[in-house]
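In case you want the letters, here they are:
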Amino acid sequence: MNQKVFVGVDGCSAGWFAVFLTEQAGKNFDCRICDSEICDSEICDSEICDDGNCDGKIFEGENCGWELGVFPRFSALCDFLKDKYEDYEPLVLIDIPIGLKAGGTGERLSDLGARKVLAARKSSIFPVPCREAVYTETYEKACEVNERLTGKRISKQAWNILPKIRDVYGFLLENEEFRPLVWEVGPEICFQAFAGRPMKYSKKQEEGFIERKEVLNKILKTACSPVNGLPGERLHVNGLPAEGMHMMHMNDMPAVKLPVNDRILDDTPVDRFTDVALSRYRRKDLAKDDILDALAAALTAKMGALYGFEYVPEEPDTDAEGLRIQVVYCDYFPKVTGISGRKR
């Protein structure tokens, strides 16, 4: 398999929001949503989800395909990946803790290291409960178990994502072939690496949403070229060219260590991407920041495969079940003080 598909995944209220980025034009695709209350579509011919409804579309480019979808479970996302991208070599970057400690003092080394990388925004990395606490049934019980085994209670934020941690953790336990393909990522680290500085605003603020869109547009403008396998010609919506998507010349592109083309996408491609996603899903099922986090993860997968990843910690830790405890990001972008980046 010489073709690759780079997948960025972020949790959302309806399950998992995923962005699929391929090196060549993608196939037609219907997103899978199993709960009929989520999707108004009346017809579903999905082989993956017989009780679901489908109403997804694609973003497609000349040199790569952009696809997006919401999946109720991580297993459904991986079934879709195997079904529609069987000829592709996948790399999945997901914003969820993967390896879990089994009690004892101290946090996961990946979380401690991620806070050092983020510095100013280190609060976005919260302590991950131990494996025993992850599988409790109530918040009170989870706090009791975690405090008994680690000396600390857990936050409500951590409690709220335990079902998603169990979803991914359980899948990887039962599907060992996916373990080398699914890596943990922190979107805030990705945005900081892309921008060369910490984000100024919270992603939940409108200013933060705009700030992150500008960062992603900048990365697309400096990295969008046929040689990079990113959209070098046009973005398509539902198989047709998106209105306003055209190529232009730019003479003031920032100097970066990337083999760029002097033709880049104009008219805020990230806006077009988010508009499609927001038109497909209700706000109660998919938040705006979920879209940008998943897109940042997909771009990190792509650029990291090209220019190398940074690993936190450098040598992966593993949990009792053999799952990797490590966060990855790509640090090959311009910094406020110059150019920085290391290949691995």
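The sections below set out a description of the structure shown in this document. Computed from a prediction, not measured in an experiment: that's the story for all the values here. One numbering rule holds for all chains: residues counted from 1, following each sequence as written. Reporting in this predicted model follows two pLDDT cut-offs: at least 70 for local features of residues, and 80 or more for side-chain atom pairs to be given and counted; totals over whole chains, interfaces and linings ignore these cut-offs and use all residues. In computing side-chain values, all of the structure's heavy atoms are included and hydrogens and water are not.

1. Topic: the overall build of the protein
Secondary structure counts use DSSP, requiring at least four H or I residues in a row for a helix and at least two E residues in a row for a strand, with both numbered from the N terminus. The helix and strand inventory of the protein stands at 10 helices and 16 strands. The criterion used for residue contact is that any of the two residues' heavy atoms lie within 4.5 Å. The long-range share in the protein, meaning contacts at least 24 apart out of those at least 6 apart in sequence, stands at 68%. Summing over all exposed atoms, the protein offers an accessible surface of approximately 15200 Å²; the carbon and sulfur share of this is 46%. In short, Shrake-Rupley with a 1.4 Å probe defines the accessible areas, and a residue's cover is counted only from the protein chains shown.

2. As for helix α10 (residues 288-307)
A helix is expected to span 1.5 Å multiplied by its residue count minus one. Along its 20 residues, α10 runs 28 Å from first to last C-alpha, staying within 8% of the 28 Å computed at 1.5 Å per residue. Burial here depends on accessible area, computed with a 1.4 Å probe over protein chains only, as a share of the maximum for the residue type. Under 20% is buried, over 50% is exposed, and the range in between is partly exposed. With 17 of its 20 residues buried, α10 lies for the most part within the structure. Following α10 by one or two positions, G308 adopts a phi angle in the positive range, close to 105 degrees.

3. Let's talk about the packing of aromatic side chains
Whether two aromatic rings pair depends on their centres lying within 6.5 Å, for rings of Phe, Tyr and Trp, where Trp uses its six-membered ring; planes under 30 degrees apart make the pair stacked, over 60 edge-to-face, and the rest tilted. With the rule as written, the count across this model stands at 14 aromatic pairs. Ring plane angle 80 degrees and centroid distance 5.3 Å describe the contact between Y85 and Y88, whose orientation is recorded as edge-to-face. For the pair Y85 and Y88, one class covers both residues: buried. Grouped by ring-pair contacts, the aromatic residues F20, F71, F80, Y85 and Y88 constitute a single cluster. One Lys or Arg, R212, reaches over the ring of F191 and ends 5.8 Å from the middle of that ring. Put simply, a charge is over a ring when the Lys NZ or the Arg CZ is close to the ring centre, within 6 Å, and near the line of the ring normal, within 35 degrees.

4. Describing the nonpolar core
Nine residue types can take part in a nonpolar core, namely buried Ala, Val, Leu, Ile, Met, Phe, Trp, Tyr and Cys, and a core is a set of them joined through side-chain atoms within 4.5 Å. Judged by nonpolar contacts, the single largest core of 40 residues is most densely connected at F17, L93 and L216. Among the elements that make up this core, the one with the highest residue count is α10 (nine residues). The next biggest cluster of nonpolar side chains, apart from the first, holds 36 residues, and it includes V9, A18, L100 and F178.

5. Focus on the environment of V145
Checked against the element boundaries, V145 lands in helix α4 (residues 139-150). Each C-alpha atom of the pair V145 and R131 lies 9.8 Å from the other, and the pair is 14 residues apart in sequence.

6. Details of the state of the cysteines
When the sulfur atoms of two cysteines come within 2.5 Å, that pair is taken as a disulfide. Per the stated rule, a full pass over the model turns up zero disulfides. C190 supplies the cysteine sulfur nearest to C330, a cysteine that is in no disulfide, at a spacing of 9.0 Å. Judged by relative accessible area, which is 2%, C330 ranks as buried.

7. Description of unusual backbone geometry
A cis amide bond, omega -5 degrees, links V312 with the succeeding residue P313. Following the sequence through the fold, P313 ends up in strand β13 (residues 310-318).

8. What about the side chain of R108?
Within the secondary structure, R108 sits in the loop between β7 (88-94) and α2 (109-118). Residue classification places R108 among the buried residues on the basis of a relative accessible area of 3%. At 2.8 Å, the side chain of R108 forms a polar contact with the backbone oxygen of G99. Ignoring anything within four residues of it in the chain, the contact list for R108 reads P97, I98, G99, K101, V128, E184 and I325. Here a polar contact is taken to be a pair of N or O atoms separated by no more than 3.5 Å, where protein atoms must pair a possible hydrogen donor with a possible acceptor and residues adjacent in sequence count only if both atoms sit in side chains.

9. A short note on the pairing of β7
Judged by how many residues are buried, β7 sits mostly within the fold: six of seven residues are covered. The rule for pairing is simple: two strands pair if DSSP sees at least two bridges between them. Both strand β1 (residues 3-12) and β7 contribute to a ladder of seven bridges, which runs parallel. Bridging from a neighbouring strand, V5 pairs with P90 of β7. Pairing of β7 with strand β8 (residues 182-185), which is carried by three bridges, proceeds in the parallel orientation. Bridge pairing in β8 links L93 to W183.

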